[in-house]
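The residues making up each chain are set out below.
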Amino acid sequence: GGSAMHGTDYEPLPTSATFAADSETALVIVTALDDSELEATEDVSLALLRGIDYDVVLPSMASLLVLDNDTPIVGVERVLDAAESGARGLLRFTRTGDLSQPLTANYTLGGTPIPGVDYQPLSGTVTFAPNVREVEVPVTAIDNGVATGTLTLLVTVLPGDGYTTRDYSVAALSIADRDGGPGVI
């Protein structure tokens, strides 16, 4: 039993265990199977059942954890666009894999807006606390009085120590101008 799948997450187990003469223990080896799927920590539970020739005493169950060894993936997505009129933009960074440890990921900012001129500068790092899968980062536009039209902020998660990136490592967030200019009607 448990959340790990027999034959997928660990090798099939025997349905019985043999105790050596005068032994109070028997060894059942659970061998995890490696795969390329990012999974949360799962568990395997074993229970002793009463038999014809023996009784079972407590504790009659044992559990163990199957830890995933695949590298976590960090990605980013645009949730809300920003505007000089006061609407805050929002980026959502996500991670997969083992959540038990903190993780800091780096990102770059590019595109047409200038940090400190068109939006409040961002740090370039995002830190996931233990057991946290998502971190949201607000983007605040600066009403600079310059007609620029709508600008596009490109956010790219960089591969780093303890994590990697995949297809969803880039997000585009629009910053709407309220001063007129190209692209503004």
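Residues numbered from 1 in each chain as written. Predicted model: local features only at pLDDT ≥ 70, side-chain atom pairs only at ≥ 80, totals over all residues. Heavy atoms only, no water.

Trainee: Help me understand the overall build of the protein chain in this model?
Mentor: Within the protein chain, the regular secondary structure consists of zero helices and 10 strands. Counting helices and strands in the order they occur from the N terminus, the protein chain gives β-β-β-β-β-β-β-β-β-β. Counting all 185 residues of the protein chain, 30% fall into the buried class. Taking the contacts inside the protein chain whose residues are at least 6 apart along the sequence as the reference set, 64% of them involve residues at least 24 apart. (Helix = DSSP H or I, 4+ residues; strand = E, 2+ residues; numbered from the N terminus. Buried < 20%, exposed > 50% of the residue type's maximum accessible area, 1.4 Å probe, protein only. Contact = heavy atoms within 4.5 Å.)

Trainee: Please clarify how the sheet that holds strand β10 (residues 170–176) should be interpreted in this entry.
Mentor: Hydrogen bonding along the main chain pairs the strands of a sheet, whether they run parallel or antiparallel. The sheet built from five strands is open, its strands ordered β4-β10-β9-β6-β7 with mixed pairing. Looking at the sheet topology across the chains shown, the edges are occupied by β4 (82–83) and β7 (125–128). The pairing of β4 with β10 spans two bridges and is classified as parallel. Directly across from Ala82, in β10, lies its bridge partner Ile175. (Pairing = 2+ DSSP bridges.)

Trainee: Honestly, the sheet that holds strand β8 (residues 134–139) in this entry has me stumped. Any pointers?
Mentor: Pairing is antiparallel in the open sheet, where three strands are placed in the order β3-β5-β8. In this open sheet, the two edge strands, each paired with only one partner strand, are β3 (74–80) and β8. Taken pair by pair, the neighbouring strands of this sheet meet at an average axis angle of 25°, ignoring direction. (Axes fitted to C-alpha atoms, helices over the stretch in contact; angles between N-to-C directions.)

Trainee: Which parts of the structure should I look at to understand the environment of Thr140?
Mentor: Here Thr140 lies in the loop between β8 and β9 (151–158). For the pair Thr140 and Ile175, spaced 35 residues apart in the sequence, the C-alpha separation amounts to 9.0 Å. One polar contact links Thr140 to Arg88, side chain to side chain, over a distance of 3.4 Å. (Polar contact = N/O pair within 3.5 Å; in protein donor to acceptor, adjacent residues only side chain to side chain.)

Trainee: What is the right way to read the side chain of Asp118 from this model?
Mentor: Tracing the chain through its elements places Asp118 in the loop between β6 (103–111) and β7. For the buried Asp118, no salt bridge is present, and the opposite-charge side chain at shortest range is Arg178, 12 Å distant. A distance of 2.9 Å separates polar atoms of two side chains, one belonging to Asp118 and the other to Asn144. Look past the residues within four positions of Asp118 in its chain and what remains in contact with it is Thr112, Pro113, Ala141, Ile142, Asn144, Leu151 and Ile175. (Lys, Arg positive; Asp, Glu negative; His and termini not counted. Salt bridge = Lys/Arg side-chain N within 4 Å of Asp/Glu carboxyl O.)

Trainee: In this structure, what is going on with the pairing of β8? I would like to understand it.
Mentor: For a regular strand, side-chain orientation follows a simple rule: the groups alternate between the two sheet faces. Here β8 shows a clear split, with Val135, Val137 and Val139 buried on one side and none of Glu134, Glu136 and Pro138 buried on the other. Taken together, the six bridges between strand β5 (residues 89–95) and β8 define a ladder with antiparallel strand orientation. When the bridges of β8 are listed, Thr94 appears paired with Glu134.

Read these as spatial facts, not as claims about activity.
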